[in-house]
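Structural description and commentary
Given next are the chains, with one letter for each unit.
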Amino acid sequence: MNKPSILVVEDDTAVRNLIATTLKLHDYRYTTASNGAGAILAASSHNPDVVLLDLGLPDMDGVEVIRRLRSWSNMPIIVISARSDDTDKIEALDNGADDYLTKPFSVEELLARLRVTQRRLALMGDGGESVFENGKLKIDYASGCAYIDGEQLHLTPMEYKLLCLLAQHVGKVLTHTFLTQNIWGSSYENDVASLRVFMATLRKKLEKAPDSPQYIQTHIGVGYRMLRVE
């Protein structure tokens with residue numbers, strides 16, 4: 001399995017060099033940028049598989065970089081930031097980040113997150129069924145779009161990922177631990193809280209009557225299941 005190419009966006013020279021050295025030692029291809037404008041230019045010109053993004057950039061906030069990248073790309077974005085408040089994490093995830101590492105971090109954890117992302121990228125391109133249909137729900141994996149009754153659902157990358165994970169295991173109860181491990185590569189209390197937030201926003205877009213769900217069933221204290229709809 002070819003390793004993904006990485007764009008490292010970090011204005012702190014020492015941290016940027018640490019990440020670059022780690023990637024080089026583990027045979028990842030990478031490019032670097034030290035500010036938001038450089039990140040957007042590098043992302044559009046190099047088309048990396050994964051972005052490692054610091055939020056505290058000198059020219060613009062990292063969340064704005066996420067918004068701009070998300071306007072045209074679904075490439076995975078892993079935030080690496082000194083901001084540890086839940087509000088900062090949720091803002092970054094809500095705007096399209098796929099994962100969040102808090103500084104200081106271990107290189108082993110960074111590599112683990114990259115391996116999880118690599119597995120997700122491999123699953124997306126594994127040549128399996130290109131379309132999933134369940135009742136009026138349709139997921140077109142090739143285009144990365146989902147539809148209800150022919151109308152496109154405007155999902156964030158995280159919502160789309162959750163929907164695909166549930167669809168791949170339709171009829172089965174997926175535990176909080178299974179879901180968070182597959183989405184973020186970890187299963188901490190904050191990850192479960194984030195999962196509930198994303199599941200609630202996904203339901204609002206997917207279900208006509210969220211209080212009487214047709215597609216996603218909650219198993220309180222356990223997890224979630226996508227129901228098979230005739």
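Residues numbered from 1 in each chain as written. Predicted model: local features only at pLDDT ≥ 70, side-chain atom pairs only at ≥ 80, totals over all residues. Heavy atoms only, no water.

Quick look at the overall build of the protein now. When its secondary structure is counted, the protein shows 8 helices and 12 strands. The principal-axis extents of the C-alpha atoms in the protein amount to approximately 55 × 35 × 30 Å. The 230 residues of the protein split such that 47% are buried. Contacts spanning at least 24 positions in sequence make up 58% of the contacts within the protein whose residues lie at least 6 apart. Both charge centroids of the protein, one from 25 positive and one from 30 negative side chains, sit 4 Å from each other. (Helix = DSSP H or I, 4+ residues; strand = E, 2+ residues; numbered from the N terminus. Buried < 20%, exposed > 50% of the residue type's maximum accessible area, 1.4 Å probe, protein only. Contact = heavy atoms within 4.5 Å. Lys, Arg positive; Asp, Glu negative; His and termini not counted. Charge placed at Lys NZ, Arg CZ, Asp CG, Glu CD.)

Attention now goes to the side chain of Asp54. Relative to the helices and strands, Asp54 resides in the loop between β3 (50-53) and α3 (62-70). Beyond its immediate stretch of four places on either side in the chain, Asp54 contacts Val9, Glu10, Asp11, Gly62, Ile80, Ser81 and Lys103.

On to the sheet that holds strand β5 (residues 99-102). Strand order in the open sheet formed by 5 strands is β2-β1-β3-β4-β5, and the pairing between neighbours is parallel. In the strand order of this sheet, the two ends are held by β2 (30-33) and β5, each with one partner. Here the average twist between neighbouring strands, direction ignored, is 20°. Inspection of the sheet shows β3 paired to strand β4 (residues 77-81) by 3 bridges, in the parallel sense. Bridging across to β4, Val51 finds its partner in Ile77. (Pairing = 2+ DSSP bridges. Axes fitted to C-alpha atoms, helices over the stretch in contact; angles between N-to-C directions.)

Within the largest apolar cluster, 51 residues are counted, with the highest numbers of intra-cluster contacts made by Leu137, Ile139 and Met199. Excluding anything up to four places from it in sequence, Met199 contacts Leu162, Leu166, Leu179, Ile216 and Tyr224. The next biggest cluster of nonpolar side chains, apart from the first, holds 15 residues, and it includes Val8, Leu23, Val50 and Leu101. (Core = buried A, V, L, I, M, F, W, Y, C linked by side-chain atoms within 4.5 Å.)

Let us now look at the packing of aromatic side chains. The description of an aromatic ring pair rests on the distance of the ring centres and on the angle between the ring planes. Considering all chains together, one arrives at 0 aromatic pairs under this definition. The ring centre of Tyr28 lies 4.8 Å from the NZ or CZ of Lys3, which sits over that ring. (Phe/Tyr/Trp six-rings, centres within 6.5 Å; stacked < 30°, edge-to-face > 60°. Lys NZ or Arg CZ within 6 Å of the ring centre and 35° of its normal.)

Once that is clear, we can look at the sheet that holds strand β12 (residues 223-226). Taken in spatial order, the 3 strands of this open sheet run β10-β12-β11, and their pairing is antiparallel. Each of the sheet's edge strands pairs with one partner strand only, and the pair in question is β10 (173-175) and β11 (216-219). Shown here is a sheet whose adjacent strand axes are inclined to one another by a mean of 30°, direction ignored. Where β11 and β12 come together, 4 bridges link them in antiparallel fashion. Counted as the bridge partner of Ile216 is Met226 from β12. Across the sheet, helix α6 (residues 157-168) lies against β10, β11 and β12, angled at about 70° from β12, the strand it touches most.

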